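Architecture and fold: a report
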Amino acid sequence: MKAFILSSSPRRHGNSALLAEAVRDGLVEAGHEADFVYADDVLSNFLRDCRQCRRADGSCAIEDNFGQVFLERFLPADGFITATPVYWYGSSAQMKAFFDRSFCYYAASYPGSGDVIQRMMGKRIGLVLASEETFPMVAAGIVSQMQEYTRYTRGTFAGVVHGIGNARGEVARDPNDPIGQARRFGETFFSRHASDYQIDTVRGGRVWG
Ligand SMILES: Cc1cc2nc3c(=O)[nH]c(=O)nc-3n(C[C@H](O)[C@H](O)[C@H](O)COP(=O)(O)O)c2cc1C
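Because the structure is predicted, anything quoted here is derived from the model rather than measured.

1. Some words on the site of the ligand
The environment of the ligand is made up of 17 residues, and the closest members are Ser-9, Asn-15, Ser-16, Glu-133 and Asn-166. Here an oxygen atom of the ligand sits 2.8 Å away from a polar atom, N or O, in the main chain of Val-86. Tyr-89 is positioned with one of its backbone polar atoms (N or O) 3.2 Å from an oxygen atom of the ligand. Put simply, the parts of the chain that give the shell around the ligand at least two residues each are helix H1 (15-29) and strand E4 (124-131).

2. With respect to the packing of H1 against helix H8 (residues 178-188)
The angle between the axes and the distance between the axes are what describe a pair of packed helices. At their nearest, the axes of H1 and H8 sit 6 Å apart, and the two run at 35 degrees to each other. The two elements H1 and H8 meet at a crossing, and its hand is right-handed. Together, Leu-18, Leu-19, Ala-22, Val-23, Asp-25, Gly-26, Leu-27 and Glu-29 of H1 and Pro-178, Ile-179, Ala-182, Arg-183, Phe-185, Gly-186 and Glu-187 of H8 make up the contact between the two elements. Taken together, the residues that form the contact of H1 with H8 break down as nine nonpolar, two polar and four charged.

3. Thoughts on the pairing of E4
Of all eight residues making up E4, eight are buried, and the element is well covered by its neighbours. As paired elements, strand E3 (residues 79-85) and E4 share seven bridges and run parallel to each other. Paired with Ile-81 across the two strands is Gly-126, which belongs to E4. Direction of pairing for E4 relative to strand E5 (residues 156-164): parallel, over a ladder of eight bridges. Bridge assignment links Ala-130 to a residue of E5, and that residue is Gly-163. What joins E4 to E5 is helix H7 (residues 140-152), and the crossover it makes is right-handed.

Definitions and cut-offs
Residues numbered from 1 in each chain as written. Predicted model: local features only at pLDDT ≥ 70, side-chain atom pairs only at ≥ 80, totals over all residues. Heavy atoms only, no water. Near = heavy atom within 4 Å. Polar contact = N/O pair within 3.5 Å; in protein donor to acceptor, adjacent residues only side chain to side chain. Helix = DSSP H or I, 4+ residues; strand = E, 2+ residues; numbered from the N terminus. Axes fitted to C-alpha atoms, helices over the stretch in contact; angles between N-to-C directions. Left-handed = near helix turned anticlockwise from the far one by under 90°. Contact = heavy atoms within 4.5 Å. Nonpolar A, V, L, I, M, F, W, Y, C, P; charged D, E, K, R; others polar. Buried < 20%, exposed > 50% of the residue type's maximum accessible area, 1.4 Å probe, protein only. Pairing = 2+ DSSP bridges. Right-handed = clockwise from strand over helix to strand, strands pointing away.

This is the structure we're talking about:
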């Protein structure tokens, strides 16, 4: 399987990037392809008003690498893992911009939008994040965003790895071993049990069989 990993902190070798790298290592160890992208290499602008900057042929006029990466690397992936620091109880602006900018390609004013929508759907989704504070709700906004993104795109939310640290690389000293968790998360990303029942979901009485 193919996974696309977005590392969205501006700190290139920071805590969330270390977790993202561990996920990548786990995926590769399990025999999957893992494509790793730093958001800062791809995005130079926020979403604008498409009516002002979309070209006559329907293409997006923002001149950075987002379009190429989104169309040629994100869309073909079976799974999407996004890594972010907690900034103000939300994600990095880079991670948000990645989602916002996808609008340029799934909006009806983009000629290939129908195909883009189909290819955005049904992915396995994962989230890895780093924060200074430990209280569980510090990341609730980001978890909720990803849960809703997964629901909206008819995907499967495979889980969250949360490491604690502030100084660059400090997450490696977190006694809960989030780097080890991230590696195992990568290894099992495409096979791990993930459930989100509805009242009429057919199921047995046990989870682990
Ligand atoms: C602008 C900014 C806002 C932050 N907001 C929070 C916050 O609300 N809660 C928190 O626990 N940590 C917060 N932090 C700390 C980072 O989440 C923490 O340092 C994290 O490890 C950084 O990850 P990175 O190395 O991947 O960038 C903030 C850091 C910055 C720079």
